[in-house]
Amino acid sequence: MATQKAIAVQEVGKPVVAVSNYPIHQPGPKQVQVRVTVAALNPHDQKGRDIGLFTQDCHPVVLGSDVVGVVTVLGEGATRFKVGDRIFGQAALTPDSSSKALQQFAILDEDFASVILEGVSEDDAATIPTNHLAPYIGFFSDEQGLGLPTLGAWLVGLGTIVVVGGKEEELKGFGATHVVDRHGGHDVVLKRIRDIVGDDLVYAFDAANVPAEQYLAINALSNSKLGALARLLSRGPPTDASKTHHTQNRYVLKGVLGFSHLHQDLATPLWKHIAEYLVEGRIKPSEYVVEQGLDTEKVNAVFDCYRDGQPVIHAHFRISEYVRSNLFPGSLVIFRCTAIRL
């Protein structure tokens with residue numbers, strides 16, 4: 001089997017390492033092989049390194065769910081793309097790593113990828129897969145999310161949107177109706193939210209906090225109506241019920257896994273249109289920084305920042321070049337916690 005360079009986890013809890021003989025996989029039915037041009041990293045990738053999240057004890061394992069590349073091989077029945085197309089997509093949640101980003105060649109399912117249209121850079125596209133699929137699933141999945149009305153609502157607005165933390169001008173440019181300062185302590189921030197939503201908040205989405213830190217979103221929910229909180233990757237209720245103002249039968253907890261392959265009914269229609277939404281400005285790229293090559297030192301530095309709770313801008317690793325690639329600045333900051341009222 002042909003081999004390639006990659007960055008992989010050899011042992012959970014240890015720094016990622018360079019691998020020079022990682023296998024190059026061939027696409028299966030309705031899949032394509034891409035030469036990776038940009039690999040983008042997210043917080044769950046750090047957890048894959050440090051606590052074995054999603055790696056399932058299958059090592060060495062490559063990380064990176066946000067993949068941009070040039071199509072090199074078409075699998076049987078793959079019809080959406082042609083060889084030479086620039087595309088971006090989301091890696092599968094599989095332990096064999098064939099679709100992960102931190103390698104020279106990766107496999108993408110054509111249903112969970114899209115062509116990059118003119119006017120969009122590869123780095124713009126690399127900010128989209130996980131950053132948009134996770135909240136999309138968190139908002140609209142009946143099983144794992146808030147069960148809001150589907151694609152149309154995603155585009156026309158959700159009513160009052162209160163974002164806790166971040167830069168007001170930027171966040172309002174992306175659709176927030178209110179931005180509140182996250183500093184001052186639980187009670188102070190809770191009052192800021194309540195001053196806006198009163199007792200009407202029934203939907204909340206926490207994009208960052210672990211169960212031990214999700215009390216703010218829970219306590220902001222209505223006291224008189226059944227509320228719901230969706231949390232990324234979270235399992236189980238907050239560990240100290242004494243900190244919540246609600247009994248658990250007054251709100252519903254959902255744990256969101258924001259991967260296209262687990263939500264095909266929601267993800268497939270979105271991926272068919274996501275490229276045009278990006279061009280039209282209906283969705284917007286996030287802020288990013290670009291690093292060059294498969295650099296283990298810089299990958300580990302990004303993961304260390306995530307681990308240590310330091311601010312991280314979406315990190316992109318330029319693995320290879322595409323002659324028509326253009327770099328445009330991104331413009332979105334990371335949401336710390338989002339509260340929504342319809």
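The chain appears in an unreviewed UniProt entry as GroES-like protein from Bimuria novae-zelandiae CBS 107.79. Looking at the Sequence similarities (unreviewed entry) heading of the UniProt record, one finds this comment for the chain: "Belongs to the zinc-containing alcohol dehydrogenase family."

J.: Give me the pairing of strand E12 (residues 227-232): which residues, what numbers.
T.: In terms of burial, E12 is largely enclosed, as 5 of its 6 residues are buried. In the sheet, strand E11 (residues 203-206) pairs with E12 via 4 bridges, with the strands oriented parallel. Within E12, the residue paired with Phe205 across the bridge is Ala230. The parallel pair E11 and E12 is bridged by helix H7 (residues 215-220), and the resulting crossover is right-handed. By the bridge criterion, 6 bridges tie E12 to strand E13 (residues 251-256) in an arrangement that is parallel. When the bridges of E13 are listed, Leu232 appears paired with Val256.

J.: Residues and numbers for the side chain of Gln33, please.
T.: With respect to the helices and strands, Gln33 occurs in strand E3 (residues 31-40). The class of Gln33 is buried, set by a relative accessible area of 5%. Polar contacts involving the side chain of Gln33 include one to the main-chain carbonyl oxygen of His25, which spans 3.0 Å. Not counting chain neighbours up to four residues away, the residues in contact with Gln33 comprise Ile24, His25, Gln26, Pro27, Val70, Val71, Thr72, Val73, Phe105, Ala106 and Ile107.

J.: Explain the environment of Leu294 to me, and be specific about the residues and the numbers.
T.: Counting through the fold element by element, Leu294 comes out in the loop between strand E14 (288-292) and helix H9 (296-307). Distance from Leu294 to Phe317, taken between C-alpha atoms, is 6.8 Å for residues 23 residues apart in sequence. The contacts of Leu294, once residues within four sequence positions are left out, are Lys5, Ala6, Ile7, Leu102, Gln103, Gln104 and Ile319.

J.: Hey, could you go over the nonpolar core for me, with residue numbers and the actual values?
T.: Counting residues in each nonpolar core, the largest one holds 34 residues, and the members touching the most others are Val32, Val34, Val67, Ile87 and Val299. Looking at this core, the elements that each hand over two or more residues are strand E1 (3-9), strand E2 (17-23), E3, strand E4 (61-62), strand E5 (66-74), strand E7 (105-109), H9 and strand E15 (314-318). Val67 has contacts with Val34, Val36, Val38, Ile87, Phe88, Gly89, Ala91, Ser99, Lys100, Ala101, Ala106 and Leu108, leaving out every residue within four places of it along the chain. Membership of the second largest hydrophobic core comes to 29 residues, among which are Ala126, Phe140, Leu266 and Ile274.

J.: Go over the packing of aromatic side chains, please, and point to the residues and values.
T.: Enumeration over the complete set of coordinates arrives at 5 aromatic pairs. Judged by centre distance (5.4 Å) and plane angle (65 degrees), the rings of Tyr136 and Phe140 are edge-to-face. Linking Tyr136 with Phe140, this pair stays in helix H3 (residues 129-140), spanning 4 residues, or about one helical turn. By the burial criterion, Tyr136 is buried, and Phe140 matches it. On the numbers, 5.3 Å between centres and 70 degrees between planes, the contact of Phe139 with Phe205 is edge-to-face. Highlighted residues: Phe139 in helix H3 and Phe205 in strand E11, separated in sequence by 66 residues. Classification of Phe139 by relative accessible area gives buried; the value is 9%.

J.: Go over unusual backbone geometry with me, naming the residues and quoting the values.
T.: Here Lys30, not a glycine, exhibits a phi torsion of approximately 60 degrees, which is positive. The topology assignment puts Lys30 in the loop between E2 and E3.

J.: So what's going on with the sheet that holds E1? Which residues, and what values?
T.: Spatially, 3 strands are ordered E2-E1-E4 in an open sheet, and the strand pairing comes out antiparallel. Of all the strands in the sheet, the pair left with one neighbour each is E2 and E4. In this structure, E1 lies alongside E4, joined through 2 bridges in antiparallel fashion. What sits directly across from Ala8, in E4, is Val62.

J.: Can you explain H9? Please cite residues and give values.
T.: Counted at 1.5 Å a residue, the expected span for H9 with its 12 residues is 16 Å, and the 16 Å between its end C-alpha atoms agrees. Taken residue by residue, H9 has Val299, Asn300, Val302, Phe303 and Tyr306 as its buried positions. Viewed end-on, H9 has its buried residues packed into an arc of 155 degrees, placing them on one side of the element. Close packing links the buried residues of H9 with E1, helix H1 (43-50) and E15. Sitting at the amino-terminal end of H9 is Asp295, which places a side-chain oxygen 3.1 Å from the backbone nitrogen of Glu297. Of the residues one or two after H9, Gly309 is the one with positive phi, at around 75 degrees.

The rules we used
- Residues numbered from 1 in each chain as written.
- Predicted model: local features only at pLDDT ≥ 70, side-chain atom pairs only at ≥ 80, totals over all residues.
- Heavy atoms only, no water.
- UniProt positions renumbered as here; feature names shortened; annotations may be inferred.
- Buried < 20%, exposed > 50% of the residue type's maximum accessible area, 1.4 Å probe, protein only.
- Helix = DSSP H or I, 4+ residues; strand = E, 2+ residues; numbered from the N terminus.
- Pairing = 2+ DSSP bridges.
- Right-handed = clockwise from strand over helix to strand, strands pointing away.
- Polar contact = N/O pair within 3.5 Å; in protein donor to acceptor, adjacent residues only side chain to side chain.
- Contact = heavy atoms within 4.5 Å.
- Core = buried A, V, L, I, M, F, W, Y, C linked by side-chain atoms within 4.5 Å.
- Phe/Tyr/Trp six-rings, centres within 6.5 Å; stacked < 30°, edge-to-face > 60°.
- Expected span 1.5 Å × (residues − 1).
- Arc of directions from axis to C-beta.

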